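Commentary on secondary and tertiary structure
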Amino acid sequence: MSAVVAIVGRPNVGKSTLFNRLVGKRRAIESSVPGTTRDRLYDKTLLDDYEVLLVDTGGLELGKEGDTIEASVQEQSQIAIDGADVILFVVDVREDPTAEDFHAATLLRKSKKPVLLVANKCDNPRFEEQRYNLYELGFGEPSPVTALHSFGMEELESRVGDELKEMGFEKNTVYEKPREDRIRIAFLGRPNVGKSTMVNGLFGKKMVVVSEIPGTTRDATEIDFEYKDSKFTLVDTAGIRRRGKVEPGIEKYSILRTMQSVDEADVCVLMLSFDEGITNQDCHVSQYILEQKKGLLLVVNKMDLVDPKKRDQAEHMYVHRLKTKMSYLPWAPVVFASALERRNIFQVLELSAEISEERRKEIPKKDLKVWLQLALDKHPPNMARGKHRFTVLGVEQVATEPPTFVFLCNWPEVMHFSYGRYLENGLRENFGFVGTAMKLIFRKPESSGAKHRKDEAEEIVLTDDFEGENLELDSDEEDTDTDAKDVEDFMDEEQ
Ligand code: GDP
Ligand code: GDP
């Protein structure tokens, strides 16, 4: 299991710069306008040889308009406290600690999580001295770093490593599937959508619990079980079980915890509740699943709340809504269920098994060749580089889980993403891959011998572009679907 390390701090102290340093890529263009530097909020990386999900909470807060710095620091701290194993609390060494710094310090201290104080912007020795002012924050010795110039990173990494070691994490725990034939499944969704009810319903009968492996770290456990001919491992049962002991609604939706479960699963079951609609958080999680190239099944629960006479119509309406709100996931199957009445719940396992099969499917080379020729003939690419026309020379499946295809082409960098989408849709139409994300890589043939120009990309990976999609993580109240009124029209009045 990878550890979660969260970066917290008030705006402009250099969180996103530090994030980019630690993930080793300079993806974001730093700027002096607070909150404008980030293009990525989380990434997997190795810190001191520990596999870590690094999270820039400064981006997760995605300030609501009119928010004070204090409120955003509070929100970030809460996200970190809810789901992080280690917290990096970043301050600007060039200034004395501010009221917001003290506010964050108080919140973080209460969490009892390991907090490493990071004194950023130690650009010159004078500032390095100044970091002793930061002792006031009460986290001991601050680590001096200059995120901008990569100074102090090794020491910081090794401090993180020490904390993780103490917590029982092991080095190089890069996730490997222990048993090839098992389907790793995770039930995800906001509190109260019915995850525990669903899992209890599934385990009530028919299921054989083979073993329960207590996690080595935290309270995480995995459960192996079998259904029909498929072997499953249910990951992250802790999140589901623990909730039973807590008053409904108290446990906050832990976005970090959810992301970690996604990482550990092959097939993600994202549960929605019919009466609550689709929220921005649901979209955010589904996008993360897509980026991580996992399998995905959407379950709309609590269908018993709908008047049976109106069910078809209600389902139709909901599918339409999914198409609008999650338009980037046309391939994800949808199951309408009632965990309470145990209706359609086993369909969830059957479909998950099918999705897992799809993820492992290999398409013969000759079938791909025939398909590609037809696809190119039907819609020849019309991109060009100067006098050179863009062409696709061949395609090959190079991996499964996720299904990964390499398209050999003459000028990968001129390929328009809409053409990539066309090819992906074509692959899906012809070969299936229902319920799983896939990866398409466009690159030059290795043997092309042609010298690359400086500005030429060797390889382009088709990305999922969510620009314009609504990614805010609002507070729970504001986050509910605004057109929940349509839902009310379907609700069984007798309920
Ligand atoms: P965030 O709002 O906390 O994520 O801060 P950013 O990472 O966006 O950085 C804010 C500003 O501080 C940017 O202009 C960065 O270039 C700058 N910055 C970040 N790290 C350093 C550093 O180590 N030294 C100096 N001098 N500036 C830095
Ligand atoms: P979790 O937080 O996602 O694990 O949700 P729970 O399984 O604890 O369910 C939250 C509440 O929703 C409980 O009161 C359940 O009884 C109720 N619930 C769960 N599934 C259904 C369902 O299919 N129909 C109805 N009407 N209520 C449900």
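Residues numbered from 1 in each chain as written. Chains lettered and ligands numbered in written order. Predicted model: local features only at pLDDT ≥ 70, side-chain atom pairs only at ≥ 80, totals over all residues. Heavy atoms only, no water.

Within strand β10 (residues 230–234), four of the five residues are buried, which leaves it mostly tucked inside the rest of the structure. Looking at chain direction, strand β7 (residues 182–188) and β10 are connected through four bridges and run parallel. The residue of β10 that forms the bridge with Ile183 is Phe232. (Buried < 20%, exposed > 50% of the residue type's maximum accessible area, 1.4 Å probe, protein only. Helix = DSSP H or I, 4+ residues; strand = E, 2+ residues; numbered from the N terminus. Pairing = 2+ DSSP bridges.)

Cis geometry marks the peptide bond from Glu401 to Pro402; its omega dihedral reads 0°. Along the chain, the position of Pro402 falls in the loop between β16 (392–399) and β17 (404–409). Here Asp48, not a glycine, exhibits a phi torsion of approximately 50°, which is positive. One can find Asp48 in the loop between β2 (42–47) and β3 (50–56). The backbone phi angle of Ser150 is positive, close to 65°, even though this residue is not glycine. Mapped onto the secondary structure, Ser150 falls in the loop between β6 (143–144) and α6 (153–166).

Taking burial as the measure, the six residues of strand β5 (residues 115–120) include six buried ones, the bulk of the element. Every second residue of β5 is oriented toward a common face, with Val115, Leu117 and Ala119 on one face and Leu116, Val118 and Asn120 on the other, all of them buried. Alignment of strand β4 (residues 86–92) against β5, held across six bridges, turns out to be parallel. In the sheet register, Phe89 faces β5, and the bridge partner there is Leu117. As for the winding sense of the linkage, the β-α-β connection from β4 through helix α4 (residues 99–111) to β5 is right-handed. Both β5 and β6 contribute to a ladder of two bridges, which runs parallel. Bridged to Ala119 within β6 is Pro144. (Right-handed = clockwise from strand over helix to strand, strands pointing away.)

Quick look at the confidence of the model for the protein chain now. When pLDDT drops low, the exact placement of atoms in the prediction is not to be read closely. Put simply, the protein chain has an average pLDDT of 79, and 76% of its residues get 70 or more. In the predicted structure, residues 241–252 sits below a pLDDT of 50 and forms 16 contacts with residues beyond four places in sequence or in another chain. Confidence drops under pLDDT 50 across residues 467–478; counting only partners more than four residues distant or on other chains, this segment forms 24 contacts. (pLDDT = per-residue confidence, 0-100. Contact = heavy atoms within 4.5 Å.)

Once that is clear, we can look at the site of ligand 2. What surrounds ligand 2 is a group of 16 residues, the closest being Asn192, Lys195, Ser196, Thr197 and Asp304. Taking Thr197, its side chain carries an N or O atom lying 2.5 Å from an oxygen atom of ligand 2. Taking Ser338, its side chain carries an N or O atom lying 3.3 Å from an oxygen atom of ligand 2. Looking at the shell around ligand 2 element by element, the count peaks at three residues for helix α7 (residues 195–204). Here the shell around ligand 2 is composed, by residue class, of five nonpolar, six polar and five charged. (Near = heavy atom within 4 Å. Polar contact = N/O pair within 3.5 Å; in protein donor to acceptor, adjacent residues only side chain to side chain. Nonpolar A, V, L, I, M, F, W, Y, C, P; charged D, E, K, R; others polar.)

Position of Glu424 relative to the elements: it lies in helix α14 (residues 417–431). In contact with Glu424, other than residues within four places in its own chain, are Trp331, Met438, Leu440 and Leu462.

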